[in-house]
Amino acid sequence: MTDPRRSVRRAYRFCIAALAALTVIPAASIPQAAAVSHTSTVTAVQAADGGEPDGADTLSTGWQTPWGISFLPDGAAALVTERLSYQVYRLDRDGNRDWVGEVPYTVPEPYEEGAGGLLGVAVSPTWDGKKDKQVFFVHTTETETRVVRMDYDGSSLGNYTPILTGIRRGGDHNGGRIAFGPDGYLYVTTGDGLQPELAQDTDSINGKILRITRSGAPAPGNPFGNHVYSYGHRNPQGLAWDRNGRLWSAEIGNQEQDELNLIEPGANYGWPTCEGSCDTDGMTDPKATFVPEKGVPAQLAVVRNVLYVSSLRGQRLWRVPIDGDSERIGTMSDFYAGDYGRLRAIAKVPGADELWLGTSDLGYGKDKILRVPIK
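In this text, all values refer to a predicted model and were calculated from it rather than measured experimentally.

**Student:** Break down the environment of R214 for me, citing the residues and quoting the values.
**Tutor:** By secondary structure assignment, the location of R214 is in the loop between β13 (208–212) and β14 (228–231). Of the polar contacts made by the side chain of R214, one reaches the side chain of S124; its length is 2.9 Å.

Here is the structure:
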């Protein structure tokens, strides 16, 4: 389907909040349980789980700030969101792209107040376009961030239904990632909305990772009996599960350190008391940290038990091996530094050792989706 708006839609101005300077630090100060012996573990990890990026080919061009990628259950295609235009496309494995619709919004983004837009997308794991048409999105409005459900029948979107509203909107601290977990529930990242104190308030849905049902209700078994799964987050954007079903998250920090966290239900990840590792009782340290010049991690995916983290300011793809079945990580390495600009959207291709990786903020129609084989 051709997008009837594409030829007339103007490019919106996208203001990116200034971020403090950033080099990646593999969290030298984390507790013993999470300490990394880089020289002793990385060889064993690579031998057991193997693989690293082997080049990057252009799969698709002509994008305007792609934000989220979610594959259909058969793996033949993915839905991709464009942040600034609120448009949604189907992208096939051969690179063919079809417009499927728009997530409704009331006014163009007020970028003077910080960037929002159409963010994450999650296709139902049982989607078939007939009995199950459900697709979920996170997007901002003029006043809030919300989670919505729409129907996708294989050709077009419809039946827009908000399921969780009232997430405070503030600057670009919107979180925005949404994904189905192995338990069948939806996980949603939310930013602190420029009110850091909300991250420590377990009655607030800001500064959190949420776990919800398809109707937007709190998922059964949540640690506080509400929507909240973990708290103390500043601006988490990445979610991915390893081969043991453990949840990892990438989080954009403030001035000094960005974080890679292993998420436990009910755990407190420290913001605003801590940025990176700290010695405060009851707060959970990250497994790795990034300095902003080489970091500002956006999203992550897992291939062969190795975490791959896209970065914005750092303009590179990070490879973070998990040490076998432990909670430790091996030596981190980076790829494509500065080659493609800012990198955000990332997803593992089902049934293949391959990533799809989106460039970000290169200008109207100038972004790409890259295909990255892992060999």
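Still to come is the rest of the account.
**Student:** So, unusual backbone geometry: which residues are in play, and what are the values?
**Tutor:** Excluding glycine, residues mostly carry a negative phi; peptide bonds, for their part, are mostly trans. The omega torsion across W271 and P272 is 5 degrees, close enough to zero to call that bond cis. We note that Y86 has phi near 65 degrees; this positive angle belongs to a residue other than glycine. Taking the relative accessible area as the measure of exposure, Y86 reaches 1% and is therefore buried. Despite not being glycine, Q315 has its phi angle at roughly 50 degrees, a positive value. Owing to a relative accessible area of 28%, Q315 belongs among the partly exposed residues under this scheme.

**Student:** Hey, could you go over the state of the cysteines for me, with residue numbers and the actual values?
**Tutor:** Tallied over the full model, the rule gives 1 disulfide. Sulfur-sulfur distance for the disulfide between C274 and C278 comes to 1.9 Å. Here the S-S torsion is close to 75 degrees, and the disulfide linking C274 with C278 is therefore right-handed. Overall, C274 belongs to the buried group, its relative accessible area being 4%.

**Student:** Before we move on, could you go through the sheet that holds strand β7 (residues 118–123) and cite the residues and values that matter?
**Tutor:** Read across the sheet, 4 strands follow the order β7-β8-β9-β10 without closing on themselves; strand pairing throughout is antiparallel. On the outer flanks of this sheet lie β7 and β10 (157–168), each paired with one strand and no other. Pairs of neighbouring strands in the sheet enclose a mean axial angle of 20 degrees, with direction left out of account.

Thresholds applied
- Residues numbered from 1 in each chain as written.
- Predicted model: local features only at pLDDT ≥ 70, side-chain atom pairs only at ≥ 80, totals over all residues.
- Heavy atoms only, no water.
- Helix = DSSP H or I, 4+ residues; strand = E, 2+ residues; numbered from the N terminus.
- Polar contact = N/O pair within 3.5 Å; in protein donor to acceptor, adjacent residues only side chain to side chain.
- Buried < 20%, exposed > 50% of the residue type's maximum accessible area, 1.4 Å probe, protein only.
- Disulfide = S-S within 2.5 Å.
- Pairing = 2+ DSSP bridges.
- Axes fitted to C-alpha atoms, helices over the stretch in contact; angles between N-to-C directions.

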